[in-house]
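Coordinates in review
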Amino acid sequence: MDDITNSSKRLDASLHLPVLVIIEPLLLPRTCILNVLRRELADFEILDMATVQGLDCTAARDVRLVVLCIADKRICDPSVEDDLAFVAECCPNAAVAILSNHDDEPNAQAAMQRGVRGFLPASLPIEIAIAGLRLVLVGGVYRPLPVAGMNGMPGFGPPDARGLASAYLMNEAARAAIDRSMTDLTPREQQVLAELELGLPNKLIAAKLTLSESTVKMHIQHIMRKCAAHNRTEAVLRWRGRLPAQGRDDDPGAVPVPEIQSP
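Rules of the game
Residues numbered from 1 in each chain as written. Predicted model: local features only at pLDDT ≥ 70, side-chain atom pairs only at ≥ 80, totals over all residues. Heavy atoms only, no water. Helix = DSSP H or I, 4+ residues; strand = E, 2+ residues; numbered from the N terminus. Buried < 20%, exposed > 50% of the residue type's maximum accessible area, 1.4 Å probe, protein only. Contact = heavy atoms within 4.5 Å. Expected span 1.5 Å × (residues − 1).

Attention now moves to the environment of Pro-121. The topology assignment puts Pro-121 in strand β5 (residues 118-121). Here Pro-121 falls in the buried class, since its relative accessible area comes to 5%. When the C-alpha atoms of Pro-121 and Ser-100 are compared, they prove to be 4.8 Å apart, with 21 residues separating the residues in sequence. What Pro-121 contacts, discounting residues up to four positions off in sequence, is Leu-99, Ser-100, His-102, Asp-103 and Pro-144.

Structure below.
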């Protein structure tokens, strides 16, 4: 009798938890994702289903996030657009994250333009994917392409392609200058810079490195100063060896690289 009572209490408690839904047609990957999410996001009830039609049963639930796996399909595929429309109809208050086998910029931008809050290529390490989902769940936007043009996002304008193309050109002497500047970074600054390369915002970097957000901001300021970068994206570019090191007042006519900002 006690077992029945306890089971009833657990069921009632689960019905009051916020809900995260994973939609994956294939059983094996769906089960694997389900097990990981239940372990990492214990404050949510995780529901799994093969198709978006299963969302019909969630009408009375507090669905916070729907993770839609689209495999090799493109965002502009009519079936994907139909699925996104169905998700919006069934769960109008839920954020949507896409799990895709593609990690190209056009696909990521197309997802952002359709209101997707998280774009997760299947090539991501699992800890980064989970961190990205956590960010979406607290109201942020996650995409792993920090250098991409952000013209699909509010507040970002498309950069001048000709200006960016010329900015990427460099010779071996400039590359050596970048290598020298990188030796001045502390181990912690290099860790922060590695997270910036993944496109993580300050809040997520702080959580991952067990730092305060203000400390992360301080490290980023030091990184930009040491790399002679105008913003965090430019610092990443210099680290990757795509931009020559230069003073902040040099080349005033150069086209600035759009900065990635925290949500």
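We are not done yet, so read on.
Within the secondary structure layout, Arg-38 lies in helix α2 (residues 27-40). For Arg-38, a relative accessible area of 46% corresponds to the partly exposed category. Distance in space between the C-alpha atoms of Arg-38 and Leu-20 is 9.7 Å, their sequence separation being 18 residues.

Our next topic: helix α5 (residues 126-137). Here α5 contains twelve residues, and its C-alpha end-to-end distance of 17 Å stays within 8% of the 16 Å for a straight helix at 1.5 Å per residue. Of all the positions in α5, only Ile-128, Ala-129, Ile-130, Ala-131, Gly-132, Leu-133, Leu-135 and Val-136 are classed as buried. Summarising the contacts, the buried residues of α5 are in contact with α2, β3 (63-71), β4 (95-100), β5 and α9 (202-209).

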